[in-house]
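Coordinates in review
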Amino acid sequence: MEVTKVLPPGEEQDLDSKELAKLIRKAIYRTLADLKKLSLPQKTCTVYRPDESSLGCYDIKSPSYREDVIWLRINKIWRSEESITLTDYIWKRGALKLTLTGQNPDKDVWAFNTYHKLVREPLLVALESTTRERLVDYGAFEEWAVDEEKIEEAIRDAVNLYGKHRRFVTAFCPLSSLSLLPGTCLEIAPDIKLKRWTPRNLSVFLSRHSHEFLWDDFKAPYCIEAIAEVSFSFKARKKVQQNSVTSMVQDLLDLLKWVLFVSLNQERPVAEGTCLIKCELDVRMGRFRRDENIGPSDCSLDKQTVNRCTELLQDFRSAAKQVPDLNKSLWHFGRSCVATLPRDIQLESAI
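Each chain has its residues counted from 1, running along the sequence as written. Given that the model is predicted, a residue must reach a pLDDT of at least 70 before its local features are reported, and side-chain atom pairs must reach 80 or more before they are shown or counted; all residues, however, enter totals for whole chains, interfaces and linings. Hydrogens and water molecules were not included; the side-chain quantities draw on all heavy atoms of the structure.

1. A closer look at the overall build of the chain
Only DSSP runs of H or I with at least four residues qualify as helices, and only runs of E with at least two residues qualify as strands; both kinds are numbered from the N terminus onward. A count of helical and extended segments in the chain gives 10 helices and 12 strands. A principal-axis box enclosing the C-alpha atoms of the chain has dimensions of 65 × 50 × 40 Å. In this scheme, a residue with accessible area under 20% of its type's maximum is buried, one over 50% is exposed, and one in between is partly exposed, where area comes from a 1.4 Å probe on protein chains only. Across the 351 residues of the chain, 50% fall into the buried class. Taking the contacts inside the chain whose residues are at least 6 apart along the sequence as the reference set, 73% of them involve residues at least 24 apart. Here the Shrake-Rupley method, with its probe set to 1.4 Å, supplies the accessible areas, and only the displayed protein chains count as covering residues. Element-wise, carbon and sulfur atoms account for 49% of the exposed surface of the chain, whose accessible area totals about 18500 Å². In this tally Asp and Glu are treated as negative and Lys and Arg as positive; neither His nor the chain ends contributes. All charge positions are set by atom: Lys at NZ, Arg at CZ, Asp at CG, Glu at CD. The average position of the 52 basic charges and that of the 51 acidic charges among the side chains of the chain differ by 4 Å. A contact between two residues is defined here by any heavy atoms of the two lying within 4.5 Å.

Below, the structure written as structure tokens:
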């Protein structure tokens, strides 16, 4: 007979972030040492690499870190001293509660699931990220090679997500018509930036996400220069609703397009491409495409225009605290930007 239990038992206590990170780090490096004895399967993957004038697209052999042989090895070696110390610490504090169903789910079943969240997945993300960047840079890889900074980034993500219960969302949206120099990063606000990636950064992004864009998409990152990067975080203990996250991303994009529209004094707002939404541990939260317009002719952003954008954004947010209906007006502005029929554009603008 199957039973359902919530484990660990008892009242949940806060986890010390530094202690949690230290224990995860030890368990990750122990797991990596045990896995290095295993010969890696390989797969063919698409890699973008910068050349003299553009980006080249290549099919290159790459290690495949998510094959069954690796899962089987992990299932044999996961009960290391370091991993048990990690799960014991969390268990004693009644944290990372899981609802488990089975014949008799116990601490060992809970620890196995917790290990996979805190150790296995961050390690695999760090390995894959390291390999991807080395393929972009050198066209070759080294088995089980992983950069320390990639591990530390994955540990921070795990601590934020499972220790602090905080979600961090970043969305990348190409914007047509804006001319930026390679490597440019313009901060309109702490949560809204305009960037033009370097050829290397673009290659790394496309090597991971090129499948998100159609080959003939003239507003894809490989066709236009400017990328809007919007980000935010929120406290979350339950499953995040994608619709809510998408709505928050779209609100930020609408605000950015409004300040650009006013500052640049153009007849038409800049146009969006396909927007990709990601969160911690390289997880894809979704994507959307709501704009089939072309946008105005090329627009250059000088320092004065950027400052004007920042001032407008601050003024809007300050005013919206006093007059909440301003956010409704911004929503209608956003609708007018993505409408294709002149009648619809006029209607939303009037509202």
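2. With respect to the side chain of serine 62
By the secondary structure assignment, serine 62 is in strand β3 (residues 55-63). Here serine 62 falls in the buried class, since its relative accessible area comes to 6%. Look past the residues within four positions of serine 62 in its chain and what remains in contact with it is Pro41, Gln42, Lys43, Cys45, Thr131, Leu135 and Phe141.

3. Some remarks on the environment of tryptophan 71
Relative to the elements of secondary structure, tryptophan 71 occurs in helix α2 (residues 68-77). Its relative accessible area of 23% is what places tryptophan 71 among the partly exposed residues. Distance from tryptophan 71 to arginine 268, taken between C-alpha atoms, is 52 Å for residues 197 residues apart in sequence. Those residues within four positions of tryptophan 71 in sequence are excluded, and the remaining contacts are Arg66, Arg120 and Leu124. A distance of 3.2 Å separates the side chain of tryptophan 71 from the backbone oxygen of arginine 66, its partner in a polar contact. Whenever two N or O atoms come within 3.5 Å, that pair is a polar contact, provided that in protein one can donate a hydrogen and the other can accept it, and provided that, for residues adjacent in sequence, both atoms are side-chain atoms.

4. Some details on the pairing of strand β2 (residues 42-50)
Looking at chain direction, β2 and β3 are connected through 9 bridges and run antiparallel. Of the residues in β3, the one forming a bridge with arginine 49 is glycine 56. Here β2 folds back onto β3, and the loop between the two strands holds 4 residues. Here a strand pair is declared whenever DSSP counts at least two bridges between the two strands.

5. Observations regarding the packing of aromatic side chains
Any two of the Phe, Tyr and Trp rings considered here, Trp counted by its six-membered ring, make a pair once their centres fall within 6.5 Å; the pair's planes then place it as stacked at under 30 degrees, edge-to-face at over 60, or tilted in between. Scanning the entire structure with this criterion turns up 11 aromatic pairs. Between tryptophan 197 and phenylalanine 205, the aromatic rings sit 4.6 Å apart at their centres with planes inclined by 45°, giving tilted as the arrangement. Phenylalanine 205 gets classed as buried once you look at its relative accessible area, which sits at 10%. Ring geometry for tryptophan 258 against phenylalanine 316: centres 5.6 Å apart, planes inclined by 50°, an arrangement best described as tilted. Taken together, the positions of tryptophan 258 in helix α7 (residues 242-264) and phenylalanine 316 in helix α8 (residues 303-322) put the pair 58 residues apart, joining distant regions of the chain. The class for tryptophan 258 is partly exposed, based on a relative accessible area of 22%. The class for phenylalanine 316 is buried, based on a relative accessible area of 10%. Taken together, the ring pairs connect Phe172, Trp197, Phe205 and Phe213 into an aromatic cluster.

6. Focus: the sheet that holds strand β5 (residues 166-175)
Reading across from one edge, β7-β8-β9-β5-β10-β11 is the order of the 6 strands in this open sheet, with antiparallel pairing throughout. Each edge of the open sheet is held by one strand with a lone partner, namely β7 (185-189) and β11 (283-288). With direction set aside, neighbouring strand axes in the sheet form an average angle of 20°. For every element, the axis is a line fit to its C-alpha atoms; helices are fit only across the contacting stretch, and the angle between N-to-C directions ranges from 0 to 180 degrees. Contacting β5, β7, β8 (192-195), β9 (226-235), β10 (275-279) and β11, α7 crosses the sheet at an angle of about 135° to β9.

7. Focus: the packing of helix α1 (residues 17-35) against helix α5 (residues 148-163)
For any two helices packed against each other, one specifies the crossing angle of their axes together with the interaxial distance. Contact geometry of α1 with α5 gives a least axis separation of 10 Å together with a crossing angle of 130°. By the angle between their axes, α1 is oblique relative to α5. By crossing handedness, the relation of α1 to α5 is classed as right-handed. Contact residues: α1 offers Ser17, Leu20, Ala21, Ile24, Arg25, Ile28 and Tyr29, while α5 offers Glu148, Ile151, Glu152, Ile155, Ala158, Val159 and Gly163. Class assignment of the residues belonging to the contact of α1 with α5 gives a composition of 9 nonpolar, 2 polar and 3 charged. Working rule for angles: under 35 degrees goes down as roughly parallel, over 145 as roughly antiparallel, 65 to 115 as roughly perpendicular, anything else as oblique. Crossing handedness follows the turn of the near helix against the far one: under a right angle anticlockwise gives a left-handed crossing, and clockwise gives a right-handed one. Amino acids are sorted into nonpolar (Ala, Val, Leu, Ile, Met, Phe, Trp, Tyr, Cys and Pro), charged (Asp, Glu, Lys and Arg) and polar (every other residue, Gly among them).

8. Some thoughts on the layout of surface pockets
By volume, the largest pocket is sized at about 920 Å³. Definitions used throughout: a 1 Å grid over protein atoms alone; a cavity as a set of points that fits a 1.4 Å probe which cannot get out; a pocket as an open set with protein on both sides within 12 Å along at least five of seven lines; a lining residue as one with an atom within 4 Å of a point. Residue lining of the largest pocket: 30 residues in total, with Lys150, Glu153, Phe172, Lys278 and Asp282 positioned closest to the centre. The set of elements that each furnish at least two residues to the lining of the largest pocket consists of α4 (107-138), α5, β5, α6 (199-209) and β10. Partitioned by chemical class, the residues of the lining of the largest pocket number 11 nonpolar, 5 polar and 14 charged. Residue ranges labeled as domains rest on an automatic or database domain assignment. Among the domains, domain 1 (3-162) and domain 2 (165-322) are the pair contributing at least three residues each to the lining of the largest pocket. Taken together, 22 residues make up the lining of the second largest pocket; nearest its centre are Lys117, Leu161, Tyr162, Arg167 and Lys238. Of all the secondary-structure elements, those providing two or more residues to the lining of the second largest pocket are α4, α5 and β11. For the lining of the second largest pocket, the element with the most residues is α4, which contributes 3 residues. Grouping the constituent residues of the lining of the second largest pocket by class yields 9 nonpolar, 4 polar and 9 charged. Residue-level mapping places the lining of the second largest pocket at the junction of two domains, with at least three residues from each of domain 1 (3-162) and domain 2 (165-322). Grid points are joined across faces, edges and corners, and a volume is the space filled by probe spheres set on the points.

Spatial relationships are all this shows, so hold off on functional conclusions.
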